[in-house]
Amino acid sequence: AQKVTQAQTEISVVEKEDVTLDCVYETRDTTYYLFWYKQPPSGELVFLIRRNSFDEQNEISGRYSWNFQKSTSSFNFTITASQVVDSAVYFCALSEAGNSGGSNYKLTFGKGTLLTVNP
Amino acid sequence: ETGVTQSPTHLIKTRGQQVTLRCSSQSGHNTVSWYQQALGQGPQFIFQYYREEENGRGNFPPRFSGLQFPNYSSELNVNALELDDSALYLCASSPSPGTPGEQYFGPGTRLTVT
């Protein structure tokens, strides 16, 4: 069974600090996808990144960076120079490779980390 | 391009009643998934519809049922509502074939059961 663990329930930082959100996953599949989503108070989930299990290269997008380590089953997310607008709940999620019908299978989410960035 | 829309935005029901939530998928997307997000928790997969048939189901009882229509819009029906059904219900659409897990979420319907 798939499982995603986000051990940090809440994190509070001051603007311009760097912050890392941890994500540990479990799966028996050799092919899988990892995701990070942002959920602002409005409730809509905003897609941030997708990585497949065969690509362990770290990725940077502006102030966001992701560290995927298969050896430790972790997919951590770092925000550099945090801003007040980064305040939200962040979810890590895992998906299987999909079934033979070609449709996309379910996302398994962690419980989320509430990030508060104070001015 | 229109994104995923859901209706209603908010809903209050009484225990034992039935409710129908609606979702319009993004243009060109033929797969719809439904998730339940209880307060302080991550979304949990309820089920997915592909080409008008259920294509995978999470650990939810049969009183949670769904439909997908020829235009790929979808409904989530919950019978015999319980207090624990109070949650944000999220709909996500995706193209198929497509990248696994590639899902586009709507704003959700917040259901309160009293």
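Here the structure is a predicted model, which is why all the values come from computation and not from measurement.

Reading the values: the criteria
- Residues numbered from 1 in each chain as written.
- Chains lettered and ligands numbered in written order.
- Predicted model: local features only at pLDDT ≥ 70, side-chain atom pairs only at ≥ 80, totals over all residues.
- Heavy atoms only, no water.
- pLDDT = per-residue confidence, 0-100.
- Helix = DSSP H or I, 4+ residues; strand = E, 2+ residues; numbered from the N terminus.
- Phe/Tyr/Trp six-rings, centres within 6.5 Å; stacked < 30°, edge-to-face > 60°.
- Buried < 20%, exposed > 50% of the residue type's maximum accessible area, 1.4 Å probe, protein only.
- Polar contact = N/O pair within 3.5 Å; in protein donor to acceptor, adjacent residues only side chain to side chain.
- Contact = heavy atoms within 4.5 Å.
- Core = buried A, V, L, I, M, F, W, Y, C linked by side-chain atoms within 4.5 Å.

### Re the confidence of the model for chain A
Right, so step 1: Looking at chain A as a whole, the pLDDT averages 90, with 93% of positions reaching at least 70.
Right, so step 2: At the low end of the mean pLDDT range in chain A sits strand β7 (residues 59–61) of chain A, at 86; at the high end sits strand β3 (residues 19–21) of chain A, at 98.

### Overview of the packing of aromatic side chains
Residues and elements named next belong to chain A.
Right, so step 1: Across all of its chains, the model carries 20 aromatic pairs over all chains by this definition.
Right, so step 2: Ring geometry for Tyr64 against Trp66: centres 6.0 Å apart, planes inclined by 80°, an arrangement best described as edge-to-face. We note that Tyr64, like Trp66, is buried.
Right, so step 3: Relative to Phe77, the ring of Trp66 has its centre 5.1 Å away and its plane inclined at 5°; by these criteria the two rings are stacked. Taken together, the residues span a long stretch of sequence, with Trp66 in strand β8 (residues 64–69) and Phe77 in strand β9 (residues 74–79) at a distance of eleven residues. With respect to burial, Trp66 and Phe77 carry one shared label: buried.

### Some details on the side chain of Thr78(A)
All names here are of chain A.
Right, so step 1: For Thr78, the location among the structural elements is in strand β9.
Right, so step 2: There is a polar contact of 2.8 Å between the side chain of Thr78 and the side chain of Thr20.
Right, so step 3: Beyond its immediate chain neighbours, meaning those up to four positions away, Thr78 contacts Val19, Thr20, Arg63, Tyr64 and Ser65.

### Overview of the nonpolar core
Right, so step 1: Of all hydrophobic cores here, the largest spans 24 residues; its most connected members are Trp36(A), Trp66(A), Phe75(A), Phe77(A), Tyr90(A) and Leu115(A).
Right, so step 2: Among the elements of the structure, β2 (10–14), β3, β5 (32–39), β6 (46–52), β8, β9, β10 (88–96) and β12 (113–118) of chain A are those that each provide at least two residues to this core.
Right, so step 3: With four residues, the top contributor of residues to this core is β10(A).
Right, so step 4: Ignoring anything within four residues of it in the chain, the contact list for Trp66(A) reads Trp36(A), Leu48(A), Ile49(A), Asn58(A), Glu59(A), Ser61(A), Phe75(A), Asn76(A) and Phe77(A).
Right, so step 5: In terms of nonpolar packing, the next biggest core, distinct from the first, is built from 20 residues, Val32(B), Leu76(B), Leu81(B) and Tyr89(B) among them.

### Considerations on the side chain of Gln2(A)
Residue and element names in this part refer to chain A.
Right, so step 1: When you line up the elements, Gln2 lands in the segment before β1 (3–5).
Right, so step 2: Gln2 gets classed as buried once you look at its relative accessible area, which sits at 15%.
Right, so step 3: Each residue touching Gln2, except ones within four places of it in the same chain, is listed here: Glu26, Thr27, Leu94, Ser95, Glu96, Lys106 and Thr108.

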